[in-house]
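# Residue-level structural notes
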Amino acid sequence: MGVLAAGVGLVALSNPAHAAGDVYKGTGWRILNGRGIESLSPDPYVIHIVKPSTSATKLSAAKNKAAEAQLRAQLKKTAAQLTSITGTKFTLASGYHKEQKDCSTAERHVITVGLKYRPFTPGNKPGYSQAHPCSATANQSAWGGWIWVDSEYWIPGDWAASPARVSNMMSHEIGHSIGLDHANVDGPDANHTADPYECVSNSSKDLPLMCSPNGGHGRAKGGSETRVKKYAGQYTKWDIAGLKALKANFSR
Ligand SMILES: [Zn+2]
């Protein structure tokens, strides 16, 4: 099983103002304030799919279609969970949207999700997807942005991914796109580095979905695959605390 992951794209920054009272981290979560996002707006956000092309994904037309259907099904659930957690309305649009590629031209509160073969920049890292979050220059709230999902998850080989892993990846990247950072911390090994998969956990072997390179329910060492499948794509209590903090920061 390959790593399903998630780096965070660069965000153009201009001396973000820090609101007094904002909270940027807690147990198992962290906000992307280092990249200029400090809060989630109460105004609705809409997730859109970019039409996959066989040349960009290296998948057959039939596989593109299957991958897109899988992402849409998860994004609908992710949007519903985000709406319920934050009180800000998230929806998945039908149809297709043009690519977004620059925060200066990205549409407000639009998050596009597309498929590409090895989209991670720099380096086109195999198995990595990537979110590119933008921030509102006026108040440092999440503006929207774009996500590229690695089409290798649908290609037999090292990076092929189960439906549960794809679901976790999708919610992880959406988390980045609205202002959640990786939740890694220097833990048990106390080597002064927040290593891959080094995140808070519990007796159910959960990791924050925002753990890098990927986490989720039952995803810590020794976790059960039944639990992974049961809660595929769902934010954990730690991610939920981070999402609620993002929303609360908007008005504090
Ligand atoms: Zn990530």
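Look a little higher up for the structure.
Now for a quick tour of the structure.

Here is what the cut-offs are and how they apply
- Residues numbered from 1 in each chain as written.
- Predicted model: local features only at pLDDT ≥ 70, side-chain atom pairs only at ≥ 80, totals over all residues.
- Heavy atoms only, no water.
- Buried < 20%, exposed > 50% of the residue type's maximum accessible area, 1.4 Å probe, protein only.
- Helix = DSSP H or I, 4+ residues; strand = E, 2+ residues; numbered from the N terminus.
- Pairing = 2+ DSSP bridges.
- Contact = heavy atoms within 4.5 Å.
- Polar contact = N/O pair within 3.5 Å; in protein donor to acceptor, adjacent residues only side chain to side chain.
- Core = buried A, V, L, I, M, F, W, Y, C linked by side-chain atoms within 4.5 Å.
- Axes fitted to C-alpha atoms, helices over the stretch in contact; angles between N-to-C directions.
- Parallel < 35°, antiparallel > 145°, perpendicular 65-115°, else oblique.
- Left-handed = near helix turned anticlockwise from the far one by under 90°.
- Phe/Tyr/Trp six-rings, centres within 6.5 Å; stacked < 30°, edge-to-face > 60°.
- Lys NZ or Arg CZ within 6 Å of the ring centre and 35° of its normal.

## Considerations on the pairing of strand S6 (residues 110-116)
With six of seven residues buried, S6 is to be regarded as a mostly interior element. As defined by bridge partners, strand S4 (residues 45-49) adjoins S6 across four bridges and the pair is classed as parallel. Bridging across to S6, valine 46 finds its partner in valine 110. By the bridge criterion, seven bridges tie S6 to strand S8 (residues 142-150) in an arrangement that is parallel. Within the sheet, the bridge partner assigned to lysine 116 lies in S8 and is aspartate 150.

## A closer look at the environment of histidine 97
Topologically, histidine 97 is positioned in the loop between strand S5 (90-96) and S6. A C-alpha to C-alpha distance of 34 Å links histidine 97 and glycine 218, two positions 121 residues apart in sequence. Discounting residues that sit within four places of it in the chain, histidine 97 has contacts with His48, Ile49, Val50, Lys51, Glu107, Val110 and Thr112. Of the polar contacts made by the side chain of histidine 97, one reaches the side chain of glutamate 107; its length is 3.1 Å.

## Notes on the nonpolar core
With 39 residues, the main nonpolar core has Leu71, Val113, Val149, Trp154, Met170 and Ile174 as its most contacted residues. Counting residues per element, the ones that place at least two in this core are S4, helix H2 (61-86), S6, S8, helix H3 (163-177) and helix H5 (237-249). Here this core takes six residues from H2, the largest share from any one element. Val50, Ala106, Cys134 and Trp148 belong to the second largest nonpolar core, which has five residues in total.

## A word on the packing of H2 against H3
The interhelical angle for the contact between H2 and H3, taken along N-to-C directions, is 50°, at an axis separation of 10 Å. Compared by their axis directions, H2 and H3 come out oblique. At the point where H2 passes H3, the crossing takes the right-handed sense. Between H2, through Gln70, Leu71, Gln74, Leu75, Thr78 and Leu82, and H3, the contact on the second element is made entirely by Pro163, Val166, Ser167, Met169, Met170, Ser171 and Ile174.

## Here we look at the packing of aromatic side chains
With the rule as written, the count across this model stands at three aromatic pairs. Between phenylalanine 120 and tyrosine 128, the aromatic rings sit 5.4 Å apart at their centres with planes inclined by 70°, giving edge-to-face as the arrangement. Accessibility expressed as a relative area gives 9% for phenylalanine 120, which makes it buried. Judged by relative accessible area, which is 18%, tyrosine 128 ranks as buried. Plain terms: the ring middles of tyrosine 153 and tryptophan 154 are 6.0 Å apart, the flat faces sit at 45° to each other, and that makes the pair tilted. Tryptophan 154 gets classed as buried once you look at its relative accessible area, which sits at 13%. Arginine 72 extends its terminal NZ or CZ atom over the ring of tyrosine 96, reaching a point 5.5 Å from the ring centre. Here the basic side chain of lysine 125 rests over the ring of tyrosine 128, its NZ or CZ set 4.2 Å away from the ring centre.

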